[in-house]
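What follows is the residue order along each chain.
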Amino acid sequence: MPSLEELFAQVDAQREEIIALEQALVRIPSVNSGFMPTGDETPVCEYIRDWLAEDGIQSEILGRTPERGNIIARIEGTNSDAGLMFMSHTDVVPVEEEEKWRFPPFSATIADGRIYGRGASDCKGLLTAQLYAMRLLVRNGIQLEDSLILCSGADEEHGGRYGFGWLADNHADKIRAPFAVNEGGGTPIDSPSGLTYLLGTGEKGRLQVEIEVKGVSSHASVPWQGTNALYTLQRVLQRIEAYEPERDTETSLFDHLSAFAIEHKPSAENVDEIIAEVETENPRFASMMRALSRMTLTPTMITGGIKSNSVPESIRLTCDVRTLPHQSDDYLREQLDSILEGIPNTTYEIDYMAVPNSSSFDTDLGRSVQRATAAALGIDDIQWVPAISTGFTDSRFTRPLGTVTYGFNGSHPDDDPMLSRAHGTDESIGISSLISGTKIMLALAIDILNGK
């Protein structure tokens, strides 16, 4: 088997091919609006299937509906059991106000060392790195002890009901492995004590709360004959705005603040003070600490009323809620009951989009990720901090299957993560991160699957 240094040299030599693969994937507009029909992920899967077939890598496309495929590929090891799964997703969020983009959002234009396009960083960059790592494993004749699975799912951006959620319910045997690496972590973060990577070990829960406010309809010219639900809604919004969530420092990040030269022992009583001290020099890390030290309740949409000259008798307020891993459904209900106490004619419903979930930080996969990253970057003194993602990913479907799943995309330490602008205008990925990610995925597969 070639040495890691020789394999990394191949990655560098094939830089243009890696870029071309990323561009090809971005140029397939697999947009998921959340409302059927949408997504159209199957063309991405078909492109991947044909690309993998060039090296004899077999794959299959499975889908709840024909147009929303999930691709699963596999490199067989000497053992029949899988040892690692590369995870990603093929759908992308819609583009708003395309005229604000520097380049057309599906052009995959290269500028300033970056590839611009919707999905470039979320999540086709990770997919590109994983695919190219598989190609190099095969082309170099590397024999793995355990098998390597690649699965890129549909519908991640709207809950996974056509993607990993559907696969976990219907084809769990095809995605079952002891370890998996996915999006949701792996970006470097500023630290006074040296290069520090956040390893995504878990995720906050995501719930959608629908608050319904009732009134009594009447003609708008005689509003006193009715009860305007909008006025009651105003009270609800004021309560939510004034809500102070309970502070909590139980997530694993707060056990590692010394890596960021924070010597105070964090607690519910002092965490806001610590955040305020950090915010001036490191606003990104301060924002992360704020999100991971409390539940968030955010009003996002309002619907109601039937006509401009009628007093509305029903208003629906939609709220996004993100819970910490140990905060239960009952906890959320207690908070909502307290917020809405004394406001008449209000009810609410809770819909889970993602249950809080996490994997242990101290695992063979964690140690393998650390070794692979050190080798790929040529840096030995990297600090590692476990972190809970404020968003959610498909990892919540694999962890209940017994799979230790980490978020780690292998961004290059010189690539500013703020430039990725996932879900935003001018989304992009640094080419340096595309290359470092490929090297790390390649080294990770060899390390944990005992490649020879």
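Note that the coordinates shown come from a computational prediction; the quantities given were computed from them, not determined experimentally.

### Things to note about the overall build of the protein chain
Counting its secondary structure elements, the protein chain contains 12 helices and 17 strands. Contacts spanning at least 24 positions in sequence make up 79% of the contacts within the protein chain whose residues lie at least 6 apart. On the protein chain, roughly 19200 Å² of surface is accessible, and the fraction owed to carbon and sulfur atoms is 48%. Both charge centroids of the protein chain, one from 37 positive and one from 68 negative side chains, sit 4 Å from each other.

### Some details on the sheet that holds strand 5 (residues 114–116)
The three strands are arranged 4-5-17 in an open sheet whose pairing can be described as antiparallel. The open sheet is flanked by strand 4 (109–111) and strand 17 (428–430), the only strands paired with a single partner. Here the strands of the sheet are splayed against their neighbours by 25° on average, with no regard to which way each runs. Across the sheet, helix 2 (residues 15–26) lies against strand 4, strand 5 and strand 17, angled at about 15° from strand 5, the strand it touches most. Across the sheet, helix 12 (residues 431–448) lies against strand 4, strand 5 and strand 17, angled at about 65° from strand 17, the strand it touches most.

### Some details on helix 2
Taking 1.5 Å per residue as the helical rise, helix 2 with its 12 residues ought to reach 16 Å, and the 17 Å between its terminal C-alpha atoms agrees with that figure. For helix 2, the full list of buried residues reads I18, I19, L21, E22, Q23, A24, L25 and V26.

### Considerations on the packing of helix 7 (residues 271–279) against helix 8 (residues 283–291)
One can describe the packing of helix 7 onto helix 8 by two numbers: an axis separation of 8 Å at closest approach and a directional angle of 165°. Compared by their axis directions, helix 7 and helix 8 come out roughly antiparallel. When you trace helix 7 past helix 8, the crossing you get is left-handed. Contacts between helix 7 and helix 8 pair I274, I275, V278 and E279 from the former with P283, F285, A286, M289 and R290 from the latter.

### Remarks on helix 4 (residues 124–139)
Taking 1.5 Å of rise per residue, 16 residues should cover 22 Å, and helix 4 covers 22 Å from first to last C-alpha, within 8% of that figure. Within helix 4, 14 of the 16 residues are buried, which leaves it mostly tucked inside the rest of the structure.

### Focus on the environment of L377
Among the secondary structure elements, L377 is positioned in helix 10 (residues 364–377). The class for L377 is buried, based on a relative accessible area of 17%. In this structure the C-alpha to C-alpha distance between L377 and S436, which are 59 residues apart in sequence, comes to 7.2 Å. Discounting chain neighbours no more than four positions away, the residues touching L377 are L195, Y197, I382, H412, P413 and S436.

### Considering the sheet that holds strand 12 (residues 314–323)
One open sheet accounts for four strands, arranged 11-12-10-13; its pairing is antiparallel. The open sheet is flanked by strand 11 (296–304) and strand 13 (346–354), the only strands paired with a single partner. In this sheet, adjacent strand axes meet at a mean angle of 20° when their direction is disregarded. Of the pairings in the sheet, the one linking strand 11 to strand 12 comprises eight bridges and is antiparallel in character. Counted as the bridge partner of G304 is I315 from strand 12. Its contacts with the sheet place helix 6 (residues 229–242) against strand 10 (205–214), strand 11, strand 12 and strand 13, and it is angled at close to 15° to strand 12. Each of strand 10, strand 11, strand 12 and strand 13 is contacted by helix 9 (residues 329–340), which is oriented at about 150° to strand 13, the strand it contacts most.

### A few points about the nonpolar core
The biggest cluster of nonpolar side chains holds 65 residues, and the ones touching the most others in it are L84, F86, L131, L137, L148 and L365. Element by element, the count of residues in this core is highest for helix 12, at 11 residues. Excluding its chain neighbours within four sequence positions, the residues that come into contact with L365 are L84, F179, A180, V404, Y406, L444 and I448. Of all hydrophobic cores here, the second largest spans 22 residues; its members include L233, M295, V321 and I343.

### Points about the packing of aromatic side chains
If you walk through the whole model with that rule in mind, you get six aromatic pairs. Here Y197 and F408 contribute two aromatic rings whose centre-to-centre distance is 5.8 Å and whose plane-to-plane angle is 55°, an arrangement assigned as tilted. Placement of Y197 in strand 9 (residues 196–203) and of F408 in the loop between strand 16 (404–407) and strand 17 is noted, with a sequence separation of 211 residues between them. For the pair shown, Y197 and F408 are each scored as buried. Taken together, a centroid distance of 5.5 Å and an interplanar angle of 45° make the contact between W384 and F408 tilted. Of this pair, W384 sits in strand 15 (residues 383–389) while F408 sits in the loop between strand 16 and strand 17, and the two are 24 residues apart along the sequence. For F408, a relative accessible area of 1% translates into the label buried.

### Quick word on the side chain of D394
Topologically, D394 is positioned in the loop between strand 15 and helix 11 (395–398). Despite its burial, D394 remains without a salt bridge, the nearest opposite charge being carried by R396 at 4.4 Å. Contact partners of D394, with chain neighbours within four places excluded, come to M87, S88, H89, E156, G160, F164 and N182.

### Re unusual backbone geometry
Along the chain, M36 connects to P37 via a cis peptide bond; the corresponding omega equals -5°. With respect to the element layout, P37 can be found in the loop between helix 2 and helix 3 (42–53). Following D122, the chain continues into C123 via a peptide bond in cis, with omega recorded as 15°. Of note, C123 is situated in the loop between strand 5 and helix 4. Phi is positive for D40, close to 50°, though the residue is something other than glycine.

### Some points on the pattern of salt bridges
Under the counting rule described, the total for this entry stands at 26 salt bridges. Between D320 and R322 there is a salt bridge, with the nearest N and O atoms lying 2.9 Å from each other. Residue classification places R322 among the buried positions, given a relative accessible area of 17%. Linked through salt bridges whose partners overlap, the residues forming this network are E54, D55, R135 and R139.

Rules used throughout
- Numbers given to residues run from 1 along each chain, matching the order in which its sequence is written.
- Local features in this predicted model are restricted to residues of pLDDT 70 or higher, and side-chain atom pairs are both shown and tallied only at a pLDDT of 80 or more, whereas totals for entire chains, interfaces and linings draw on every residue.
- The basis for the side-chain values is all heavy atoms of the structure; hydrogens and waters are excluded.
- Labels follow the DSSP assignment, with helices taken as runs of H or I lasting at least four residues and strands as runs of E lasting at least two, numbered in each case from the N terminus.
- The contact criterion used throughout is that any non-hydrogen atoms of two residues lie within 4.5 Å.
- Per-residue accessibility takes into account occlusion by the displayed protein chains alone, with areas from the Shrake-Rupley method and a 1.4 Å probe.
- The positive count covers Lys and Arg only, the negative count covers Asp and Glu only, and His and the chain ends enter neither.
- Where a charge lies is defined by one atom per residue type, namely NZ (Lys), CZ (Arg), CG (Asp) and CD (Glu).
- Strands are labelled as partners when DSSP assigns at least two bridges between them.
- Interaxial angle, 0 to 180 degrees, is taken between N-to-C directions of lines fitted to C-alpha atoms, where a helix line uses only the stretch in contact.
- One less than the residue count of a helix, multiplied by 1.5 Å, gives the span that helix is expected to have.
- Relative accessibility under 20% of the residue-type maximum defines a buried residue, over 50% an exposed one, and the middle range a partly exposed one, all with a 1.4 Å probe and only protein chains included.
- Oblique is the label for any angle not under 35 degrees, not over 145, and not in the 65 to 115 range, which are roughly parallel, roughly antiparallel and roughly perpendicular in turn.
- Helix crossings get a hand from a simple test, with the near helix turned counterclockwise from the far one by less than a right angle marking a left-handed crossing and a clockwise turn marking a right-handed one.
- Throughout this description, the term nonpolar core refers to a set of buried Ala, Val, Leu, Ile, Met, Phe, Trp, Tyr and Cys residues connected via side-chain atoms within 4.5 Å.
- Centres within 6.5 Å are what make two rings of Phe, Tyr or Trp a pair, Trp counting through its six-membered ring; a difference in plane orientation under 30 degrees is then read as stacked, over 60 as edge-to-face, and the rest as tilted.
- Take a side-chain nitrogen of Lys or Arg and a carboxyl oxygen of Asp or Glu: if they are within 4 Å of each other, that pair is a salt bridge.

Function cannot be inferred from these measures alone, as they are strictly geometric.
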